[in-house]
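Residues per chain, in single letters:
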Amino acid sequence: MAFVPIALPDADVQIDPDWLPTAAADVLLSALLGAIAWEVHRIRLFGRLVDSPRRSCWIGDPGTAYTYSGTRFEPQPWPAALMPVRARLCRETGVDFNSVLANCYRDGRDYMGWHSDNERALGRRPVIASLSLGQARRFVFRHRSGSRGKHELMLPNGALLLMAGDTQALYQHTLPATAKPVGARINLTFRRIES
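Keep in mind the model is a prediction, meaning the values are calculated, not measured.

Visitor: It is not clear to me how the overall build of the protein chain should be interpreted in this structure. Could you clarify?
Guide: Of regular secondary structure, the protein chain possesses 3 helices and 15 strands. By the compact-globule yardstick of 16 Å for 195 residues, the protein chain fits well, its C-alpha radius of gyration being 16 Å. By element, 53% of the accessible surface of the protein chain is carried by carbon and sulfur atoms, the whole surface being about 9,400 Å². Taken together, the 24 basic and 18 acidic charged side chains of the protein chain have centroids lying 6 Å from each other.

Written out as structure tokens, the structure reads:
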């Protein structure tokens, strides 16, 4: 692994922009576009259920249901194409990831709003391994206090972003929409659901 630390005070964030070589990332993107049962999740926003602005799928081992924004998601089985990626991540990080949230951003209009991956089922200081496939997109952090500005980075095809320690407790992150013409992107956020 060739991780580079991201300068966020009191957080533990690292990126390896070339974790998967471009050719391997392209093959995985193509395989997952067809292998995953994509759906539009309904999430609670300001007290009402709305369609999320992207396609998603919750994938995991049996018993790893995930509750997000007031909705419970039962895991879909692991696609064969993800098994070697999962095994490599577990080996290299020392974390036994048992689930992954797959998000498909069809174009620049699809996005992820400000949030933290801080659900109780993830534990107090979760390790999140976020793998980007396809179109490079802008990713932004902001401190929950609002006093430290924002930190932006690009997540290219094949990049792996690791977020650990107090990152989810202290920071929020977003993948903003863009008016620029951009191609499809899949983001895989590997997690460990605590029983």
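Visitor: It is not clear to me how the packing of aromatic side chains should be interpreted in this structure. Could you clarify?
Guide: Think of a pair of aromatic rings as described by two things: how far the centres are apart, and how the planes are tilted against each other in angle. Tallied over the entire structure, the rule returns 5 aromatic pairs. Centre to centre, the rings of Trp58 and Tyr66 are 4.4 Å apart; their planes meet at 15 degrees, and the pair counts as stacked. On the basis of an interplanar angle of 65 degrees and a centroid distance of 6.2 Å, the ring pair of Phe97 and Phe190 is categorised as edge-to-face. Remark: Phe190 occurs in strand β15 (residues 185-191) and Phe97 occurs in the loop between α2 (83-93) and β8 (99-105); sequence separation between them is 93 residues. Overall, Phe97 belongs to the buried group, its relative accessible area being 0%. Here the aromatic residues Trp78, Phe97 and Phe190 are joined through ring pairs into a cluster of three or more. Looking at Arg88, its charged tip hangs above the ring of Trp19, at a distance of 3.7 Å from the centre.

Visitor: I'm lost on the sheet that holds strand β13 (residues 160-164) in this one. Help?
Guide: In a beta sheet, neighbouring strands are held together by backbone hydrogen bonds and run either parallel or antiparallel to one another. The sheet built from 7 strands is open, its strands ordered β1-β2-β13-β10-β15-β8-β5 with antiparallel pairing. The two strands at the open ends of the sheet, each matched to only one other strand, are β1 (4-5) and β5 (55-60). As defined by bridge partners, strand β10 (residues 128-134) adjoins β13 across 4 bridges and the pair is classed as antiparallel. Residue Ala129 lies in a different strand from β13, and its bridge partner there is Leu162. Helix α1 (residues 22-35) rests against β8, β10 and β15 of the sheet, and its axis sits at about 90 degrees to β10.

Visitor: Any chance you could explain the sheet that holds strand β14 (residues 171-175) here in plain terms?
Guide: Spatially, β9-β14-β11-β12 is the arrangement adopted by the 4 strands of the open sheet, whose pairing is antiparallel. Both outer strands of the open sheet, β9 (112-115) and β12 (150-155), are each paired with one neighbouring strand and no more. This sheet shows a mean twist of 15 degrees between the axes of neighbouring strands, independent of strand direction. Here strand β11 (residues 137-143) pairs with β14 via 4 bridges, running antiparallel. When the bridges of β14 are listed, Val140 appears paired with Thr174.

Visitor: I would appreciate a short explanation of the pairing of β14 in the present structure.
Guide: Counting buried positions over the 5 residues of β14 gives 5, a clear majority of the element. Both faces of β14 are covered, namely the face carrying Tyr171, His173 and Leu175 and the face carrying Gln172 and Thr174. Here β9 pairs with β14 via 2 bridges, running antiparallel. Looking across to β14, one finds that Met112 is bridged to Leu175.

Visitor: Just to check I follow, could you spell out the pattern of salt bridges for this structure?
Guide: A side chain with one charge can pair with a side chain of the opposite charge if their charged atoms come near. Throughout the structure, instances matching the rule amount to 9 salt bridges. For the salt bridge of Asp110 with Arg106, the shortest nitrogen-to-oxygen distance reads 2.8 Å.

Visitor: Is there a simple way to explain α2 in this structure?
Guide: Since the α-helix turns once every 3.6 residues, residues separated by three or four places project in the same direction. Turning to α2, its buried residues number three or more, namely Val85, Arg86, Leu89 and Cys90. Down the axis of α2, the smallest arc covering the buried residues is 130 degrees, so these residues share one side. In this structure, α2 carries Pro84 and Arg91 as exposed residues pointing more than 90 degrees from its buried face. For α2, the secondary structure elements touched by its buried residues are α1, β10, β13 and β15.

Visitor: So what exactly am I meant to see when it comes to the environment of Pro75 here?
Guide: The residue Pro75 is located in the loop between β7 (71-73) and α2 in this model. Along the sequence, Pro75 and Pro62 sit 13 residues apart, while their C-alpha atoms lie 7.0 Å from each other. Every residue in contact with Pro75, bar those within four places of it in the chain, is listed here: Trp58, Ile59, Gly60, Asp61, Thr64 and Ala65.

Rules used throughout
- Residues numbered from 1 in each chain as written.
- Predicted model: local features only at pLDDT ≥ 70, side-chain atom pairs only at ≥ 80, totals over all residues.
- Heavy atoms only, no water.
- Helix = DSSP H or I, 4+ residues; strand = E, 2+ residues; numbered from the N terminus.
- Rg over C-alpha atoms; globule rule 2.2 N^0.38 Å.
- Areas by Shrake-Rupley, 256 points an atom, 1.4 Å probe, with all protein chains shown as cover.
- Lys, Arg positive; Asp, Glu negative; His and termini not counted.
- Charge placed at Lys NZ, Arg CZ, Asp CG, Glu CD.
- Phe/Tyr/Trp six-rings, centres within 6.5 Å; stacked < 30°, edge-to-face > 60°.
- Buried < 20%, exposed > 50% of the residue type's maximum accessible area, 1.4 Å probe, protein only.
- Lys NZ or Arg CZ within 6 Å of the ring centre and 35° of its normal.
- Pairing = 2+ DSSP bridges.
- Contact = heavy atoms within 4.5 Å.
- Axes fitted to C-alpha atoms, helices over the stretch in contact; angles between N-to-C directions.
- Salt bridge = Lys/Arg side-chain N within 4 Å of Asp/Glu carboxyl O.
- Arc of directions from axis to C-beta.

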